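Chain by chain, the residues:
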Protein chains: 2
Amino acid sequence: MKFLPDNVTVSVPAGTDLLQAAALAGLEIKSGCGGEGVCGRCLVRIREGRARVGEGNMAPKYRRLGYVLACRTRVEQDLVVEIPPEARMETTQQVLVDEPSRLLQEKETDALVRYGLQPLCRKFSVALSAPTLVENAPDLARLVAKLGPASGYSEVTTNLSVLRELPEVLRRDDFRVTCTLADLGDGRAEIVHLEPGEAVHPAYGLAVDIGTTTVAAHLVDLASGETLERVGTYNHQIRYGDDVITRIIHSVREERGLEELQQAAVGTINELIDRLLARQNLWPSDIQAVVVAGNTTMTHLFLGVSPKYLRLEPYIPAAARFPSVKAGELGLKVHPEAPVRCMPAVASYLGGDIVSGLLVSGMHQLPGIGLYIDIGTNGEMVLGGRDFLVGCACSAGPAFEGSGITCGMRATAGAIDGVDIDPETLEARVHTVGGEKPLGICGSGLVDLLARMWRAGIIDRAGNFQRVSSPRVRWGDEGPEYVLAWRRESGSGRDVVITEADVKNLLRSKGAVYAGIRSLLRSVDMEQDAVEKVWIAGGFGNYLNIRAAIRIGLLPDLPPEKFVFLGNASVKGARLALLSGRAWQEAEKVAQGITYLELSVGNTFMDEFVSALFLPHTDLRLFPSLEREEVEW
Amino acid sequence: MKFLPDNVTVSVPAGTDLLQAAALAGLEIKSGCGGEGVCGRCLVRIREGRARVGEGNMAPKYRRLGYVLACRTRVEQDLVVEIPPEARMETTQQVLVDEPSRLLQEKETDALVRYGLQPLCRKFSVALSAPTLVENAPDLARLVAKLGPASGYSEVTTNLSVLRELPEVLRRDDFRVTCTLADLGDGRAEIVHLEPGEAVHPAYGLAVDIGTTTVAAHLVDLASGETLERVGTYNHQIRYGDDVITRIIHSVREERGLEELQQAAVGTINELIDRLLARQNLWPSDIQAVVVAGNTTMTHLFLGVSPKYLRLEPYIPAAARFPSVKAGELGLKVHPEAPVRCMPAVASYLGGDIVSGLLVSGMHQLPGIGLYIDIGTNGEMVLGGRDFLVGCACSAGPAFEGSGITCGMRATAGAIDGVDIDPETLEARVHTVGGEKPLGICGSGLVDLLARMWRAGIIDRAGNFQRVSSPRVRWGDEGPEYVLAWRRESGSGRDVVITEADVKNLLRSKGAVYAGIRSLLRSVDMEQDAVEKVWIAGGFGNYLNIRAAIRIGLLPDLPPEKFVFLGNASVKGARLALLSGRAWQEAEKVAQGITYLELSVGNTFMDEFVSALFLPHTDLRLFPSLEREEVEW
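In this text, all values refer to a predicted model and were calculated from it rather than measured experimentally. Positions within a chain are numbered from 1, following the residues in the order the chain's sequence is written. Here the convention is simple: chains get letters from A, ligands get numbers from 1, in the order in which they are written. In keeping with the predicted nature of the model, local features appear solely for residues at pLDDT of at least 70, side-chain atom pairs appear and are counted solely at 80 or more, and the whole-chain, interface and lining totals rest on all residues.

Student: Can you lay out the overall build of chain A for me, pointing to particular residues and giving the numbers?
Tutor: Helix and strand assignments come from DSSP, with helices taken as H or I runs of at least 4 residues and strands as E runs of at least 2, each series counted from the N terminus. Check the secondary structure of chain A and you find 19 helices and 29 strands. Every radius of gyration here is taken over C-alpha atoms, with the globule rule written as 2.2 Å times N^0.38, N being the number of residues. Computed over the C-alpha atoms, the radius of gyration of chain A is 26 Å, within 12% of the 26 Å expected from 2.2 N^0.38 for a compact globule of 633 residues. Viewed in the frame of its principal axes, chain A has a C-alpha envelope of about 100 × 65 × 45 Å. Labels follow a simple rule on C-beta atoms placed from the backbone: if 20 or more others lie within 10 Å of a residue's own, it is buried; if 12 or fewer, it is exposed; otherwise it is partly exposed. The proportion of buried residues among the 633 residues of chain A is 54%.

Student: I'd like a description of the relation of the copies chain A and chain B, backed by residues and values.
Tutor: Between chain A and chain B, which share one sequence, the superposing operator has a rotation angle of 180 degrees and an axial displacement of 0.0 Å; the RMSD is 0.1 Å. These values place the two chain copies in the arrangement generated by a two-fold rotation axis. Contact between two residues is assigned when their C-beta atoms, built from the backbone, lie within 7 Å. When the interface residues of chain A are mapped onto chain B, 100% of them again fall at the interface, so both copies present the same face. When the copies are superposed, the least-squares fit draws on C-alpha atoms of residues that have pLDDT of at least 70 in both.

Student: Explain the nonpolar core residue by residue, including any values.
Tutor: I441(A), L484(A) and I441(B) are the most contacted members of the largest nonpolar core, which totals 345 residues. Filtering out sequence-adjacent residues up to four positions away, L484(A) remains in contact with I416(A), V419(A), A428(A), V430(A), I441(A), V496(A), V497(A) and I498(A). In plain words, the nonpolar core is the set of buried Ala, Val, Leu, Ile, Met, Phe, Trp, Tyr and Cys residues that C-beta atoms within 7 Å link up.

Student: Could you give an account of unusual backbone geometry, with specific residues and numbers?
Tutor: The residue after L4(A), namely P5(A), is reached through a cis peptide bond having omega 5 degrees. Within the secondary structure layout, P5(A) lies in the loop between β1 (2–4) and β2 (8–9). The omega torsion of the bond from E313(B) to P314(B) falls at 0 degrees, within 30 degrees of zero and hence cis. Of note, P314(B) is situated in the loop between α9 (308–311) and β16 (325–326).

Student: Now, about the sheet that holds strand β22 (residues 428–432) of chain A: what can you tell me, with residues and values included?
Tutor: All names here are of chain A. Note on pairing: two strands pair once DSSP finds at least 2 bridges between them. Judged by pairing direction, the sheet is mixed, and its three strands sit side by side in the order β22-β21-β23 without closing on themselves. The sheet terminates laterally at β22 and β23 (440–441), the two strands that pair on one side only. As defined by bridge partners, strand β21 (residues 415–421) adjoins β22 across five bridges and the pair is classed as antiparallel. When the bridges of β22 are listed, I416 appears paired with T432. A fitted line through C-alpha atoms serves as each axis, taken over the contacting stretch for helices, and the angle formed by two N-to-C directions is quoted from 0 to 180°. Here helix α12 (residues 443–455) sits on the sheet and contacts β21 and β23; the angle it forms with β21, its principal contact strand, is near 15 degrees.

Student: I'd love a proper account of the domain arrangement of chain A, names of residues and values included.
Tutor: Residue and element names in this part refer to chain A. According to the domain assignment, chain A consists of domain 1 (2–87), domain 2 (95–115 + 202–342) and domain 3 (121–196). For the domains described, the bounds stem from an automatic or database domain assignment. Placing the centre of domain 2 and that of domain 3 at their C-alpha centroids yields a distance of 30 Å. Each partner contributes residues to the interface: domain 2 has 11 residues there, and domain 3 has nine residues. Under the scheme applied, nonpolar residues are Ala, Val, Leu, Ile, Met, Phe, Trp, Tyr, Cys and Pro; charged residues are Asp, Glu, Lys and Arg; polar residues are all the others, including Gly. When grouped by side-chain class, the residues that make up the side of domain 2 that touches domain 3 number six nonpolar, four polar and one charged.

Student: Outline the sheet that holds strand β9 (residues 155–158) of chain B, supporting the account with residue identities and numerical values.
Tutor: Residues and elements named next belong to chain B. In space, the four strands of this open sheet follow the order β8-β10-β11-β9, with mixed pairing throughout. Looking at which strands have only one partner, the edges of the open sheet turn out to be β8 (121–127) and β9. Taking each pair of neighbouring strands and ignoring which way they run, the sheet shows an average axis angle of 40 degrees. The pairing of β8 with strand β10 (residues 176–185) spans seven bridges and is classified as antiparallel. What sits directly across from F124, in β10, is C179. Most of the contacts of helix α4 (residues 139–151) go to β8, to which it runs at about 115 degrees, and overall it touches β8, β9, β10 and β11 (188–196).

Student: Give a detailed account of the interface of chain A and chain B, specifying residues and quantitative values.
Tutor: If you look at the interface, chain A gives 38 residues, while chain B gives 38 residues. Contributions of two or more residues to the side of chain A that touches chain B are made by α4 (139–151), β9 (155–158), α5 (160–172) and α9 (308–311) of chain A. Among the elements that take part in the side of chain A that touches chain B, α5(A) stands out by supplying five residues, more than any other. Tallied by class, residues from the side of chain A that touches chain B come to 24 nonpolar, eight polar and six charged.

Student: Now, about α4(B): what can you tell me, with residues and values included?
Tutor: Residue and element names in this part refer to chain B. Between its terminal C-alpha atoms α4 stretches 18 Å, which fits the 18 Å expected from 13 residues at 1.5 Å a residue. Listed in full, the buried residues belonging to α4 are D139, L140, R142, L143, V144 and L147. On its buried face, α4 sits against β8, β9, α5 (160–172) and β10. Helix span, as expected, comes to 1.5 Å for every residue beyond the first.

Student: For the pairing of strand β13 (residues 214–221) of chain B, give the residues involved together with the corresponding values.
Tutor: Residue and element names in this part refer to chain B. Of all the eight residues making up β13, seven are buried; the element is thus mostly covered by neighbouring parts of the structure. As paired strands, strand β12 (residues 204–210) and β13 are joined by seven bridges and run antiparallel to one another. The residue of β13 that forms the bridge with A207 is H218. Where β12 hands over to β13, the hairpin turn is made up of three residues, counted between the paired strands. Direction of pairing for β13 relative to strand β14 (residues 227–234): antiparallel, over a ladder of seven bridges. Paired with A216 across the two strands is G232, which belongs to β14. From the end of β13 to the start of β14, which pair antiparallel, there are five residues, and G225 there has a positive phi angle of about 90 degrees.

Student: Hey, could you go over the environment of K533(A) for me, with residue numbers and the actual values?
Tutor: Residue and element names in this part refer to chain A. When you line up the elements, K533 lands in strand β27 (residues 531–537). Sequence separation between K533 and R41 is 492 residues; the distance between their C-alpha atoms is 39 Å. Residues in contact with K533, not counting those within four places in the same chain, are G370, K562 and V564.

Student: Before we move on, could you go through the pairing of strand β3 (residues 43–48) of chain B and cite the residues and values that matter?
Tutor: The two faces of a sheet get side chains in turn, since along a regular strand they alternate between them. Across two bridges, the pairing between β3(B) and strand β5 (residues 68–69) of chain B is antiparallel. Considered in β5(B), the bridge of V44(B) is made with V68(B).

Student: I'd like to hear about helix α16 (residues 569–579) of chain B, residue by residue, with values.
Tutor: Judged by how many residues are buried, α16(B) sits mostly within the fold: 11 of 11 residues are covered. Burial in α16(B) covers these residues: A569(B), S570(B), V571(B), K572(B), G573(B), A574(B), R575(B), L576(B), A577(B), L578(B) and L579(B).

Student: Can you tell me about the packing of helix α11 (residues 352–361) of chain B against helix α17 (residues 581–593) of chain B, naming the residues and giving the values?
Tutor: Residue and element names in this part refer to chain B. Interaxial distance between α11 and α17 falls to 10 Å at its minimum, and their mutual angle equals 120 degrees. Considered as vectors, α11 and α17 are oriented oblique to each other. The hand of the α11/α17 crossing is right-handed. Residue-level contacts link V355, S356, L358 and L359 of α11 to A583, E586, A587, V590 and A591 of α17. Classifying every residue of the contact of α11 with α17 by side-chain character gives seven nonpolar, one polar and one charged. An angle counts as roughly parallel when it lies under 35 degrees, as roughly antiparallel when it exceeds 145, as roughly perpendicular when it falls between 65 and 115, and as oblique in every other case. Crossings are sorted by hand: turned counterclockwise from the far helix by less than a right angle, the near helix makes the crossing left-handed, and turned clockwise it makes it right-handed.

Student: If you had to explain the environment of A145(A) to someone new, which residues and values would you point to?
Tutor: Residue placement: A145(A) occurs in helix α4. Once the C-alpha coordinates of A145(A) and S580(A) are considered, the two residues, 435 residues apart in sequence, prove to be 25 Å apart.

Student: If you had to explain the confidence of the model for chain A to someone new, which residues and values would you point to?
Tutor: Residues and elements named next belong to chain A. On a range of 0 to 100, pLDDT expresses the predictor's confidence in each residue. Scored by pLDDT, chain A comes out at a mean of 90, with 95% of its residues at no less than 70. Every residue in residues 91–106 is under pLDDT 50, and counting partners more than four places away or in other chains gives 31 contacts. Model confidence for the complex: the whole-complex pTM is 0.85, and ipTM, which rates the interface, is 0.84.

Student: Could you give me a rundown of the environment of G368(A), with the residues and numbers involved?
Tutor: Residues and elements named next belong to chain A. Tracing the backbone through its elements, the reader meets G368 in the loop between α11 (352–361) and β18 (369–375). Its 13 C-beta neighbours within 10 Å are what place G368 among the partly exposed residues. Remark: the alpha-carbon pair of G368 and R386, spanning 18 residues in sequence, is separated by 7.5 Å. In contact with G368, not counting residues within four places along its chain, are G385 and E532.

Spelled out as structure tokens, the structure:
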């Protein structure tokens with residue numbers, strides 16, 4: 001069978017569904033529910049041939065246009081299938097790679113200065129004297145005797161593969177050799193790599209952020225601390241579901257589910273490694289250390305550890321501190337003996353990505369009170385400073401990631417990321433990523449849109465559509481909706497709309513995040529004014545209009561100068577842990593030092609959540625600045 | 001093609017030599033030179049079909065009888081090949097298993113008492129409280145928090161496979177679990193195995209001696225220290241050569257040589273494991289720790305580390321302290337995460353087997369001066385005690401192992417292990433292993449024979465045959481020879497003889513051992529009377545007549561009560577290291593504490609060797625007891 005517009009042909013057994021077939025062809029189709037026929041996003045059109053089409057949830061308008069759900073449609077004979085732009089995973093745009101501005105780059109360096117350069121792997125060159133009948137100590141003993149003093153480690157061990165190479169490598173350049181030592185802590189190190197003579201390269205390290213949606217990797221020179229390349233792509237696990245819950249279910253329910261998800265995670269990283277190696281003209285074995293940050297589910301899946309009990313009350317992870325493993329055990333395409341460390345987690349829904357980001361913020365070292373927020377499908381937040389840290393996680397839902405919203409999409413080319421609505425005419429002016437024709441709306445666009453629609457009176461504080469006189473506000477397939485872009489202007493040939501259901505969805509998302517923040521503050525009996533600094537992490541944060549986010553009640557009403565964007569703090573923290581043993585130790589300390597607030601215990605969160613389902617909030621006293629600005633915007 | 005008398009059929013490509021073909025058929029043919037056509041031992045007879053027979057070294061009488069060398073004969077068409085008894089590896093007799101007498105068994109226990117029971121792996125059962133929303137620490141954290149105090153280890157780590165099993169195992173018996181902890185030293189331990197609830201078995205350990213010729217394994221209950229089973233067999237590496245040098249050459253010269261030898265070593269051990277498991281009705285995963293003792297070459301080959309430079313001056317091993325590896329890395333059929341430790345070596349020709357044996361002797365702890373001797377193809381010896389240790393190795397040649405001697409054989413059924421010669425009639429009375437018809441002569445028989453032939457005047461002090469009047473002394477194919485057993489009495493249908501060349505060969509062997517001992521004494525400026533105790537290790541030692549060995553000048557002339565037989569001390573020491581962390585530490589200390597005397601440096605050894613090529617020695621003052629006994633025997 002063939003997929004259009006890529007013109008990719010693939011042979012599959014009859015009975016294979018089109019979602020799987022596309023995956024086999026190396027094409028990624030959006031799927032929010034992991035192939036359960038529920039999310040209605042894996043839309044494709046059959047151009048030639050016949051297929052068995054099953055039942056599933058799909059908006060009536062798509063059905064009318066002849067679309068079918070890829071996950072519910074099985075191959076019967078040779079087919080030609082078209083994947084429309086909306087159903088495609090965008091893999092060319094690398095929005096979360098975190099190409100940092102000059103300013104952020106400097107900040108990254110600052111953080112390293114704070115911890116000190118003491119990389120996980122370092123190369124040491126030594127020259128041994130050639131052995132004689134009298135000076136006849138074994139190769140390894142002579143090497144270790146030299147390496148100890150040269151490196152400063154009190155104990156230097158090795159592994160089988162290094163020992164197997166040692167005699168020949170030593171003799172290739174007259175007993176001059178360069179060894180990569182991996183820090184094991186407590187003054188101990190392991191030789192993980194040998195090369196004859198002087199090394200051509202320094203040791204390289206890989207810092208990885210495994211996000212539920214995207215995966216980013218930085219290639220780091222472990223000798224200088226310099227970041228040489230940044231790459232990112234979508235997490236290939238997406239074919240098994242959009243969010244962590246769907247993937248946990250897949251891992252538990254399917255016989256090979258866990259293995260598939262593990263391989264998808266490793267496969268995604270390997271794809272990034274290939275790109276990094278090609279760009280820098282390096283070999284896999286040149287990467288000799290890896291630090292991975294991810295939420296607790298992603299870390300479990302990456303390691304091939306079942307996340308089953310993360311989802312079942314009382315939500316217990318298999319581990320929060322993970323054993324150091326060898327890259328070869330996981331199938332990573334780097335040096336097989338490279339140590340792979342996963343950033344320690346706090347709890348099932350407060351993971352190593354957050355700990356990693358805290359490391360970057362330095363919040364845990366500051367005397368005042370800070371707030372660290374990462375908004376994705378889950379909202380994770382940590383409050384505190386040097387003296388205490390308390391954290392929680394709330395299910396924000398995937399709305400801000402563009403999922404579960406009629407025309408939602410990720411912040412890739414054609415995504416509306418900024419909106420202005422004329423309060424008089426209710427006409428919209430949109431800004432898109434890459435300046436392309438609008439295809440849909442991404443998270444930052446949705447925040448903007450919500451604020452603007454409320455200001456223009458299109459919706460009320462509860463998110464209900466108002467009867468206003470504009471062709472843009474109309475009754476659609478799913479109730480009231482607002483048209484942001486007409487089909488003639490759009491890149492998909494269809495109207496780009498937001499429905500009342502979408503708005504309610506967004507209110508729940510923003511309400512959950514704000515309720516989480518309030519719950520943290522209440523748990524330590526503080527008011528939001530006590531917060532001196534707010535770090536916003538994650539790709540969504542990077543494009544967020546802070547004022548708009550305050551206006552809709554997503555973020556607390558604090559002066560703009562208190563907010564700092566960290567970008568992809570997860571990968572940056574992984575880089576710190578790669579470059580500094582002290583940063584790694586602090587990460588372990590931070591992870592253990594955070595008091596985890598389980599929001600499902602007690603009523604605080606629920607009460608706060610219900611109060612936060614309004615624009616901006618039931619209690620307007622929490623948003624004093626909004627009254628002052630009323631006239632300005 | 002088919003092999004007789006086993007009636008085993010195997011398909012091989014044309015061009016395969018018969019040595020390989022037999023190996024493929026699972027049959028072992030003697031080969032001293034590793035298939036080089038030199039040793040003349042892989043004799044077979046073609047019964048049906050035609051083969052391409054190449055040149056090679058073979059005694060004329062065998063050529064006359066229609067034998068061919070298996071290694072020089074290549075399959076051309078379907079064949080029937082007979083392997084005669086003399087060319088067969090005996091695999092039924094397990095002479096070096098070291099089935100100890102009651103006395104030795106007690107001694108073994110004694111040694112353990114000296115070091116204290118502190119096994120490499122131990123099981124601990126703990127009961128965790130079930131997690132709740134409030135007490136929601138991760139599985140691993142809760143387990144480690146309990147295990148630390150329960151086990152006394154200050155740091156408990158784990159590995160990926162245990163982590164992968166943890167959540168399910170914990171929940172299988174209501175959070176009661178038994179963990180096997182492997183001691184990593186310095187108060188650290190690793191969880192290597194999990195089982196739900198209380199354990200059915202204790203943790204079992206495997207102590208292995210990888211000898212060049214035979215491999216012995218003991219199954220040990222790590223909780224009680226009890227040895228449950230002892231098994232042994234021939235080292236399957238023998239098909240690649242009899243001695244370490246031939247095998248080193250094979251490992252270097254053949255593309256897959258090292259791999260073949262590694263797999264042969266592991267395959268031999270796995271065969272023993274199968275037997276142990278079957279006898280005790282256990283599973284592979286029940287064996288959770290392994291300690292291996294072997295000479296330096298065997299240890300290198302077992303680990304798959306090239307022994308190339310052991311053979312080239314200045315004889316440098318890759319390592320003498322070997323990294324701890326996981327059983328799974330090597331392919332051992334035990335628990336894949338079981339730690340595998342190799343006893344530390346001293347030098348290229350003073351290996352972990354000797355260090356292991358010293359551990360059993362306790363010589364390194366005694367105030368007086370002791371001598372430890374292991375006679376095999378190489379003679380290894382260590383002199384000293386608490387205050388110093390000095391060791392060396394000399395090439396004794398394989399004569400005492402029955403190789404390189406016309407009718408030599410190992411101490412298996414039918415081997416002559418004791419001889420008496422009537423000084424008047426020169427008639428021989430022989431004793432054989434198992435009381436079978438004589439097939440050949442083994443090491444202890446050869447020592448006896450040499451002493452008796454000298455006493456009867458058949459040979460002079462230099463080993464030259466005398467013209468005596470007896471049908472048993474005759475001129476054979478290879479010069480003068482003495483007939484121990486006539487063909488009508490023998491098990492092979494051929495005369496069992498010893499030639500003058502054999503005698504010279506034996507003189508070189510015994511001379512090398514004695515010269516080694518003398519070199520050690522001279523290196524510390526001592527006389528043999530200073531030696532208070534002599535430990536004799538190895539299978540050969542087990543059957544040795546001490547007086548006969550002194551008479552031929554193999555052992556120093558000391559009172560019999562100073563000699564102790566240790567049997568297979570190598571496997572016993574491996575058992576100690578398995579059962580006692582302190583024994584392991586002492587082994588490392590001993591290995592590093594032995595001053596290695598390289599005999600090829602200086603002239604001492606050569607001078608001593610030349611002086612020792614007589615019966616018993618050039619300098620009769622070194623053997624005062626022989627004059628006294630002249631009349632008695």
